[in-house]
Amino acid sequence: MTQQLHPPGGACACVRSVLLTSVFTACSCLLFVGSTAADDRTDFFETRIRPLLVQKCAECHTGDTPEGDLRVDNLNSLKKGGMGGPAILPENPDAGLLLERVLTEDADLQMPPEERLTEQEIADLKKWIADGATWPESNAAWATATDRASHWAFQPVRRVDVPEVANSDWCRTPIDFFVSAGHAARGVTPVDQADRRTLIRRATFDLIGLPPAIEDVDAFVADESPDAFAKVIDRLLASPAYGERWGRHWLDQARYADTSGDGTDTPIPEARYYRDYVIRSFNDDLPYNQFLKEQIAGDLMAADNPDSPRANDQIIATGYIALSRRFGNSAFAEMNLIIDDTIDTIGKSVLGLTLGCCRCHHHKFDPVTLNDYYGLHGYFNNTQYPHAGTEHQKDRQYFVSLTKTKQWPADYESLEAWAVSDKEKLSGDSRILLGGDPGQKGDVAKRGFLSVLSKDLPEIPSGSSGRLQFAEWLASDSNPLTTRVIVNRVWQYHFGKGIVESSSNFGLQGSQPSHPELLDWLATFLTENNWSLKKLHKEVMTSSVYQLSSTGGTENAKADEANVSLWKFSRRRMDAETIRDSLLSVSRLLEGGSGGRHPFKATKDLKYSQGRPFMETFDHRHRSVYLMTTRLQKHPFLALFDGPDPNKTTDNRRESTVALQALYMMNSPFINETAEAFANRLKEFSSDDAQRIQHGFRLTVSRLPTDEELKDCLTFLNDYRQELVEGKQPEPEADKLAWIAVARVILSSSEFLYIDWNVSRLSDKQSSFEFNESHAPERHWSKTE
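Residues numbered from 1 in each chain as written. Predicted model: local features only at pLDDT ≥ 70, side-chain atom pairs only at ≥ 80, totals over all residues. Heavy atoms only, no water.

Some points on the pattern of salt bridges
Put simply, the rule is: What makes a salt bridge here is a side-chain nitrogen of Lys or Arg within 4 Å of a carboxyl oxygen of Asp or Glu, nothing more. A helix here means a DSSP run of H or I that spans at least four residues, while a strand means a run of E at least two residues long, and both kinds are numbered starting from the N terminus. Burial classes: relative accessible area under 20% of the type maximum marks a residue as buried, over 50% as exposed, and values in between as partly exposed (1.4 Å probe, protein chains only).
Per the stated rule, a full pass over the model turns up 52 salt bridges. Across the pair R50 and E46 runs a salt bridge, and its minimum N-O distance is 2.8 Å. Of this pair, R50 and E46 both sit in helix α2 (residues 35–56), 4 residues apart, which is roughly one turn of that helix. Here R50 falls in the buried class, since its relative accessible area comes to 0%. One salt bridge connects K231 with D223, and the closest N-O pair in it is separated by 2.9 Å. Using a relative accessible area of 19% as the deciding quantity, one classes D223 as buried. Each of the salt bridges in this network shares a partner with another, and the network as a whole consists of K683, D689, R692, R721 and D735.

Below is the structure:
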């Protein structure tokens, strides 16, 4: 535990000291304040600059013999320039030939020669150069159509054989053979296996997002059977908390929110039905292909079999589509943007493609055409989305009716679902919108699939949108993108990053897979096991690579510093929900259940305006997955600790390290509340101070304190308690405040807040626990004056 001991509140010296040694500086002291700006610049380049260069410049200024010896397909070439000198000087838009030739009035020198750039395009170029000319790394920017179609992600999933490796004794599962082959290729050797306390803590946070109970840790440490860890996994997968943890992962993809996202951000009390459906689906191990089909076309499935016990769930599942963000301030304003959000979300979350790029033009990098995009558009243009109410149309419309059954949850107040249905009057196939402009309609695009994967057209029944046929293609065993994307996500959430690191972009602009054969093996495993995510979890977690320690391997770092070959387990900080849930759990404040309907006004009174949109925040002590989520503002805790963006699908959450987080852990009312409750729990455990501290360590970090840690804690406790008494505090109050201070230190320690902090332990005769051999880190504990 690397953390300064300090009293609550206090002098500037205390604040300075804690900031210097706080939990969030323990790892690297790196600040990521500029991460959002950097991401914005990348998005600006990908949406404004790269397409401009491709459309207007690439024909003449790429390849081995570019005009004027100037290439525009990489930043170095632009900075180097051609015959006339540098084309750009980053951060200096007034220098360089690019803008000079764009702005010139000389028709013989103007670029591009056929048509002058628009004022907006020129402004974009100036802004891009002034901001430093951000250019994300990519080796595939100007691939030919043939190259695009032959890209690895669009090829059928291969049935691959497990490779032969020299280190076969290390391998527990087929996964390990693929990883071991990668070790050999990079010249690294795996570190030792994690000790049992580290392993059960890792697995428990991974699967249920909560700290392991002391009795579960002790039972696993004492269980000498060969399947001891497999039994832990089975127990965790059977816990209702599993669905709450892994359902949250999917809600990141589904851009879940309890509000509409338009000018009023009107609340949708029934949105939680979809959230609960997702959690139930994970707990029930609903096959992932069925899970997908229900979210795309569950209403049509229910209509085909209305007496099915799943009919209500299937309708509710289409909340995935209904959650598409609304725009403007009237019902279905910018309907094409709503449909675009649907297509973009399906593309990124399910197929791992940026389909939204095709609304205005063929995809610049991937083999996806305008015909493909508007073929998908046709399914949703024939779909009736619900309306939550806006300033100009305040009444709710087009919610889908449900049937009250014996299984109907008692806290569901409405028999209406925030879901979709087919329109009463269908419009058939969509016409291509030229430049994405609804006022400029082009040719008709037949409803179909992505032509790079299938040129077949679906047989759509008369009077149907065709969403069911689309869903069946999307979730078919033969769809190489759907299968690869989901197994990659499961891997990402277990290891911190996917085999394909750009987990929502498998296209030519995305990352190459670090272990391509393993990716295909996992995809095959999933389909051959009835798309069971729980079986996939177990296969991954029983592997040797999952059970590696996160320490050691100094020589390996020289060959593979980024740990691409997985020679160790990478340390990660808890995500926002896990931090909050863990604090509530160890302090015994966590309440079961969901809390029911959010405390919105009565549904009939949910009427807001653009000038006075819904802007409330609701708190409770249930798990964080049940917190009310708005689109126009994040919950303060989730915003501070890098929660998901509810306006778009979130694949990889940021992990920032900023001073405000440390200050929150020191001074916020929530931390004060949990620290006081945790202190009370320790005091109830024993009348002996040492035993209380030992119990606190076991509850939070699953181990006993070392002799040194215990001594430091006791010294601080006694000294601070004595100072308070000398300051005229009554002894009971002094004791209370001193224990709250100790509790706060434990709860804000790096070891508690990081999964697999893996602090090596000193020899400790007071501890009955056995740990792997390791070196104890330097300690930084001291009493703050």
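There is more to say, and it comes next.
Describing the packing of helix α19 (residues 480–495) against helix α21 (residues 533–541)
The condition that has to hold: The axes are straight lines fitted to the C-alpha atoms, using for helices just the contacting stretch, and the angles between their N-to-C directions are given from 0 to 180°. Any angle that is under 35 degrees is reported as roughly parallel, and any over 145 degrees as roughly antiparallel; angles of 65 to 115 degrees are reported as roughly perpendicular and all others as oblique. When the near helix sits turned anticlockwise from the far one by under a right angle, the crossing is termed left-handed; a clockwise turn instead gives a right-handed crossing. In what follows, a contact means two residues having at least one pair of non-hydrogen atoms within 4.5 Å. Residues were grouped as follows: Ala, Val, Leu, Ile, Met, Phe, Trp, Tyr, Cys and Pro as nonpolar; Asp, Glu, Lys and Arg as charged; and all remaining residues, including Gly, as polar.
α21 packs onto α19 with a crossing angle of 50° between their chain directions and a minimal axis gap of 11 Å. Looking at the two axes, α19 sits oblique to α21. Crossing of α19 against α21: the hand is right-handed. Where α19 abuts α21, its residues I486, V487, V490, W491, H494 and F495 lie against L533, L536, H537, V540 and M541. Across the contact of α19 with α21, the residue classes break down as 9 nonpolar, 2 polar and no charged.

Examining the side chain of D206
Here is the rule: The definition of a polar contact used here is a pair of N or O atoms within 3.5 Å, where within protein one atom must be able to donate a hydrogen and the other to accept one, and adjacent residues in sequence count solely through side-chain atom pairs.
Within the secondary structure, D206 sits in helix α8 (residues 196–208). Only 3.1 Å separates the side chain of D206 from the side chain of H494, close enough to count as a polar contact.

Side note on α19
Along an α-helix, a turn takes 3.6 residues, which lines up residues three or four apart on a common side. Test applied: Multiplying 1.5 Å by the helix residue count minus one yields the expected span of that helix.
An ideal rise of 1.5 Å per residue puts 22 Å on 16 residues; α19 measures up with 22 Å between its terminal C-alpha atoms. Counted residue by residue, α19 has 16 buried out of 16 residues, so it is predominantly covered. G496 sits one or two positions beyond α19 and adopts a positive phi of about 100°.

Quick look at the packing of aromatic side chains
Our working rule: Aromatic rings from Phe, Tyr and Trp, with only the six-membered ring used for Trp, were paired whenever their centres fell within 6.5 Å, and each pair was classed as stacked if the ring planes differed by under 30 degrees, edge-to-face if by over 60, and tilted otherwise. Only Lys NZ and Arg CZ are tested; either one counts as a charge over a ring when it is within 6 Å of the ring centre and within 35 degrees of the ring normal.
With the rule as written, the count across this model stands at 40 aromatic pairs. Summarising the aromatic geometry, the rings of F45 and W128 are spaced 5.8 Å apart at their centres and angled 35° between planes, so their arrangement reads as tilted. Residue F45 is located in helix α2, and its partner W128 is located in helix α5 (residues 119–130); the two are separated by 83 residues in the primary sequence. For the pair F45 and W128, a shared accessibility class is recorded, and that class is buried. Ring geometry for W250 and Y288: centres 6.1 Å apart, planes at 80°, overall edge-to-face. Of this pair, W250 sits in helix α11 (residues 240–253) while Y288 sits in helix α13 (residues 288–304), placing them 38 residues apart in sequence. There is no split in this pair, since W250 and Y288 are both buried. A connected cluster of aromatic rings, assembled from ring pairs, spans Y242, W250, Y274, Y277, F282, Y288, F291, Y320 and W531. A cation sits over an aromatic face here: K127 above F44, 5.4 Å from the ring centre. Its end group placed over the ring of Y546, R202 keeps NZ or CZ at 5.7 Å from the ring centre.

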